[in-house]
Amino acid sequence: MSKYQVDSRGYYGPFGGAYIPEMLYPNVEELQKNYLQIMEDPSFKEEFEQLLKDYVGRPSPLYHAKRLSERYGANIYLKREDLNHTGAHKINNTIGQILLAKRLGKKRIIAETGAGQHGVATATVCALMGLECVVYMGEIDIKRQAPNVARMKMMGATVVPATSGSKTLKDATNEALRDWINNPVDTHYIIGSVVGPHPYPDMVARFQSIISAETRKQLLEKTGKETPDIVMACVGGGSNAAGMFYHFLDDEQVKIIAVEAAGLGVHSGKSAATTVLGKEGVLHGSRQIVMQTDDGQVIEPYSISAGLDYPGIGPQHAWLFKSGRGEYVSATDDEAMQAGLRLTQLEGIIPAIESSHALAHLEKMEFTGGETVVICLSGRGDKDLDNYMKYFGL
Ligand SMILES: *Cc1c(COP(=O)(O)O)cnc(C)c1O
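Keep in mind the model is a prediction, meaning the values are calculated, not measured.

Cut-offs applied
- Residues numbered from 1 in each chain as written.
- Predicted model: local features only at pLDDT ≥ 70, side-chain atom pairs only at ≥ 80, totals over all residues.
- Heavy atoms only, no water.
- Helix = DSSP H or I, 4+ residues; strand = E, 2+ residues; numbered from the N terminus.
- Polar contact = N/O pair within 3.5 Å; in protein donor to acceptor, adjacent residues only side chain to side chain.
- Near = heavy atom within 4 Å.
- Areas by Shrake-Rupley, 256 points an atom, 1.4 Å probe, with all protein chains shown as cover.
- Nonpolar A, V, L, I, M, F, W, Y, C, P; charged D, E, K, R; others polar.
- Disulfide = S-S within 2.5 Å.
- Buried < 20%, exposed > 50% of the residue type's maximum accessible area, 1.4 Å probe, protein only.
- 1 Å grid on protein atoms, 1.4 Å probe; cavity = no way out; pocket = protein on both sides within 12 Å on 5 of 7 lines; lining within 4 Å.
- Points joined across faces, edges and corners; volume = space filled by probe spheres on them.
- Patch = residues over 30% accessible without salt bridge, like charges linked within 9 Å, V, L, I, M, F, W, Y side chains within 5 Å.
- Salt bridge = Lys/Arg side-chain N within 4 Å of Asp/Glu carboxyl O.
- Pairing = 2+ DSSP bridges.
- Axes fitted to C-alpha atoms, helices over the stretch in contact; angles between N-to-C directions.
- Lys, Arg positive; Asp, Glu negative; His and termini not counted.
- Contact = heavy atoms within 4.5 Å.
- Expected span 1.5 Å × (residues − 1).
- Phe/Tyr/Trp six-rings, centres within 6.5 Å; stacked < 30°, edge-to-face > 60°.
- UniProt positions renumbered as here; feature names shortened; annotations may be inferred.

(A) Here's a closer look at the environment of Asp-7. Assignment of secondary structure puts Asp-7 in the segment before strand E1 (11–12). In this structure the C-alpha to C-alpha distance between Asp-7 and Arg-58, which are 51 residues apart in sequence, comes to 30 Å. For Asp-7, the side chain forms a polar contact with the main-chain nitrogen of Arg-9, separated by 2.8 Å.

Given below as structure tokens:
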């Protein structure tokens, strides 16, 4: 058993667990009891792998970025999650969870979404499976993210505005939890990152672990060796990073680097650099590292990329950070935007601004020559064109 994976009680070191209201016990317990057995069932694996292949377009390529490599003096490979159907890694998880929901006999899917990316990935798989889909979204986010709202509606989802509090993600999460408490028998709640009560962090990491499973095979083919010197990914809640790191965690010689969003600067008051600013605490049903005031109020995070402005970091990441297995760093808005433009001009690939944060860290690294580096390119930049245009005055 790996010391970096979840234990039988749902913990990673001191982090994780299931801190939930009593009314949610039946729902969460049903998942805890069944998820591993279902995921290990050969017919489940077959259906999951078939859909990843024919619907998502996996395996995603491992691309040797030659011009980027020349610039930094290392052998840089990009794991192309941006080429997946719907444009990012999130679909790996939503496909897995909807197959699991079907096997649990669920007829209805709920989700919460901030920028709308997870809502779209959920609405997509509900259309694919013909299941009812209800997505909770803050009223303010609905206004800010009109194209994603339209995508969800086109796919037949009902988008329910959360009108309480700050009318953003945290209020949408509360509404989704209320729905789940009221509909414990027929409804599955699809969480979009490696957060939430056990077993969600482990379940989502397992679905995303396809990223590193493929990478090992592809590296062996391309370099004659299954392991790189360094793997890197950006971290919001932490799901693309968890998938990128998963099958390398026990190869201690592989350096693991996670890049958080530093917004306008780590200490500017407008940031999402959780491992620097946060303290241990409970958020969204698990013990993790949370940006909070001295009396435990969650601090509103900020990043130019909607996918990274989460005030916590999933329990496995909290443990990789605390145990020293992973190096947790950050990149500012400016550093990420420049890195996004650099990749576009060196390789002809427009990355999601989230992924640009991982690329930005290359500027701060020193290579002795010839190190093999794998970076998870978590998503494509189409959704971010407005932001790039405004930033660069295009
Ligand atoms: C949502 C998203 C992220 C952040 O989520 P994680 O769970 O940390 O992976 C990163 N990149 C892209 C493209 C996203 O859509």
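On we go.
(B) Fine view of the site of the ligand. Around the ligand, 15 residues are found, and the nearest of them are Lys-90, Ser-193, Gly-238, Ser-239 and Ser-378. Contacts to the ligand include His-89, whose side-chain N or O atom sits 2.9 Å from an oxygen atom. Between the ligand and Ser-239 there is a distance of 2.7 Å, counted from an oxygen atom to a side-chain nitrogen or oxygen. Within the complex, the protein chains bury 97% of what would otherwise be the 380 Å² of accessible surface of the ligand. A class-by-class count of the residues in the shell around the ligand yields three nonpolar, ten polar and two charged.

(C) The state of the cysteines, seen in detail. Tallied over the entire structure, the rule returns zero disulfides. Cysteine Cys-133 remains unbridged, with the sulfur of Cys-126 as its closest cysteine sulfur at 3.7 Å. Take Cys-376: it sits in no disulfide, and the sulfur closest to it among the cysteines is that of Cys-234, at 7.1 Å. Judged by relative accessible area, which is 0%, Cys-376 ranks as buried.

(D) Representation of empty space enclosed by the protein within the structure. This structure, assessed with the given rule, holds one cavity of 30 Å³ or more. The volume enclosed by the largest cavity comes to roughly 40 Å³. As for the largest cavity, its lining consists of Asn-27, Glu-30, Leu-31, Leu-104, Lys-106, Trp-180, Pro-184, Thr-187 and His-188. Going through the elements one at a time, helix H1 (25–40) and strand E8 (187–189) are the ones with two or more residues in the lining of the largest cavity. Top contributing element to the lining of the largest cavity by residue count: H1, with three residues. Residues belonging to the lining of the largest cavity are distributed by class as follows: four nonpolar, three polar and two charged.

(E) The arrangement of a nonpolar patch on the surface in detail. A surface patch of nonpolar side chains, amounting to about 390 Å² of accessible area, comprises Ile-350, Leu-385, Met-389 and Leu-394. Of note, Met-389 is situated in helix H16 (residues 385–392).

(F) Spotlight on the sheet that holds strand E7 (residues 158–162). Within the open sheet, the four strands sit side by side as E7-E6-E5-E8. Their pairing is parallel. A strand with exactly one partner marks an edge of an open sheet, and here the two such strands are E7 and E8. For this sheet the average axis-to-axis angle between neighbouring strands, irrespective of direction, equals 25°. Bridge count between strand E5 (residues 108–113) and strand E6 (residues 132–138): six bridges; the pairing is parallel. From the neighbouring strand, Ile-110 faces E6, where its bridge partner is Val-134.

(G) Inspection of the side chain of Glu-260 at higher detail. Considering the arrangement of structural elements, one finds Glu-260 in strand E10 (residues 255–263). No salt bridge is formed by the buried Glu-260; the nearest opposite charge belongs to Lys-364, separated by 11 Å. The contacts of Glu-260, once residues within four sequence positions are left out, are Val-235, Ala-272, Ala-273, Thr-274, Thr-275, Val-276, Ile-313, Val-329, Ser-330, Ala-331 and His-357.

(H) Seen up close, helix H5 (residues 117–129). If you check H5, its first and last C-alpha atoms are 19 Å apart, about what 13 residues at 1.5 Å a residue would give, namely 18 Å. When you tally the buried positions in H5, you get ten out of 13 residues, the bulk of the element. Taken as a whole, H5 has its buried residues at His-118, Gly-119, Val-120, Ala-121, Thr-122, Ala-123, Thr-124, Val-125, Cys-126 and Met-129. Check the buried side of H5 and you find it contacts helix H2 (42–56), helix H4 (90–103), E5, E6 and helix H7 (146–154). After H5 finishes, the residue Gly-130 shows a positive phi value of roughly 70°.

(I) The arrangement of the packing of aromatic side chains in detail. All told, the structure shown has eight aromatic pairs when counted by the stated rule. With centroids separated by 5.8 Å and ring planes inclined at 80°, the aromatic side chains of Phe-321 and Tyr-328 adopt a geometry described as edge-to-face. Each member of the aromatic cluster is reached from another via a ring pair, and the members are Phe-44, Phe-48 and Phe-207.

(J) Molecular detail of the pattern of salt bridges. Enumeration over the complete set of coordinates arrives at 27 salt bridges. Between Arg-108 and Asp-179 there is a salt bridge, with its nearest N and O atoms 2.8 Å apart. Of this pair, Arg-108 sits in strand E5 while Asp-179 sits in helix H8 (residues 169–182), and the two are 71 residues apart along the sequence. The exposure classification of Arg-108 matches that of Asp-179, with both residues buried. Residue Lys-383 is joined to Asp-384 by a salt bridge in which the shortest nitrogen-to-oxygen separation is 2.9 Å. Judged by its relative accessible area of 35%, Lys-383 falls in the partly exposed class. Three or more residues joined by partner-sharing salt bridges are found here, namely Arg-58, Lys-79, Glu-81 and Glu-214.

(K) Layout of the UniProt feature "domain: Tryptophan synthase beta chain-like PALP" (unreviewed entry) in the protein. Per the UniProt record, "domain: Tryptophan synthase beta chain-like PALP" (unreviewed entry) is found at residues 57–379. In residues 57–379, the share of helix is 40% and the share of strand is 21%. The end C-alpha atoms are 14 Å apart.

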